[in-house]
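Listed here are the chains, written in short residue letters.
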Amino acid sequence: MLLVKLGGSLAGQAGGQTEFHVEGRNVIEMLRNLGELCPALKPVLEKGVTVSVDGRLQREATYHPLTPDNEIFLLPRMAGG
């Protein structure tokens, strides 16, 4: 099981909860399962969030493999260039 930590305004949208234990073999599965576990987050997750795995941002890496050893942070979507 993955430990997913929420940063920024995401914790507020999750009712103050900052960590979730979620199943998922990759980023897209983890996000889908997190949305089912916390329906209040589902619209935000579908719109897009920034995913950090072991300190590296995973942009457009929806099939990046995940393991329980990974350190996973979700942040509000970052814009800019």
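Residues numbered from 1 in each chain as written. Predicted model: local features only at pLDDT ≥ 70, side-chain atom pairs only at ≥ 80, totals over all residues. Heavy atoms only, no water.

Enquirer: Break down the environment of Val27 for me, citing the residues and quoting the values.
Expert: Mapped onto the elements of the fold, Val27 is located in helix H2 (residues 27-37). Considering only alpha carbons, one finds Val27 and Phe73, 46 residues apart in sequence, at a separation of 11 Å. Those residues in contact with Val27, other than ones at most four positions away along the chain, are Val51, Ala61, Thr62, His64 and Leu66. (Helix = DSSP H or I, 4+ residues; strand = E, 2+ residues; numbered from the N terminus. Contact = heavy atoms within 4.5 Å.)

Enquirer: So what about the layout of surface pockets? Which residues, and what values?
Expert: In this structure, the largest pocket spans a volume of roughly 510 Å³. What lines the largest pocket is a set of 20 residues, and nearest its centre among them are Leu31, Gly48, Val49, Thr50 and Glu60. Ranked by residue count, the leading element in the lining of the largest pocket is H2, at five residues. Residues belonging to the lining of the largest pocket are distributed by class as follows: nine nonpolar, five polar and six charged. (1 Å grid on protein atoms, 1.4 Å probe; cavity = no way out; pocket = protein on both sides within 12 Å on 5 of 7 lines; lining within 4 Å. Points joined across faces, edges and corners; volume = space filled by probe spheres on them. Nonpolar A, V, L, I, M, F, W, Y, C, P; charged D, E, K, R; others polar.)

Enquirer: Explain the confidence of the model for the protein residue by residue, including any values.
Expert: Within the protein, residue pLDDT values average 92, and 96% of them lie at 70 or more. Looking at the elements of the protein, mean pLDDT is at its lowest for strand E4 (residues 56-57), recorded as 92, and at its highest for strand E2 (residues 19-22), recorded as 98. (pLDDT = per-residue confidence, 0-100.)

Enquirer: Summarise the pattern of salt bridges; cite the residues concerned and give the values.
Expert: Applying the stated rule across the entire model yields one salt bridge. A salt bridge links Arg25 to Glu29, with the shortest nitrogen-to-oxygen separation between them at 2.6 Å. Take Glu29: its relative accessible area is 17%, and that puts it in the buried class. (Salt bridge = Lys/Arg side-chain N within 4 Å of Asp/Glu carboxyl O. Buried < 20%, exposed > 50% of the residue type's maximum accessible area, 1.4 Å probe, protein only.)

Enquirer: An account of the sheet that holds E2 is needed here, citing residue identities and associated values.
Expert: The sheet built from five strands is open, its strands ordered E2-E1-E5-E3-E4 with mixed pairing. One side of each edge strand has no neighbouring strand; the edge strands of this open sheet are E2 and E4. The sheet contact formed by strand E3 (residues 49-53) and strand E5 (residues 72-76) spans five bridges and is antiparallel. Within E5, the position partnered with Ser52 by the bridge is Phe73. Sitting on the sheet, H2 touches strand E1 (2-6), E2, E3 and E5, and the angle it makes with E2 is about 115°. (Pairing = 2+ DSSP bridges. Axes fitted to C-alpha atoms, helices over the stretch in contact; angles between N-to-C directions.)

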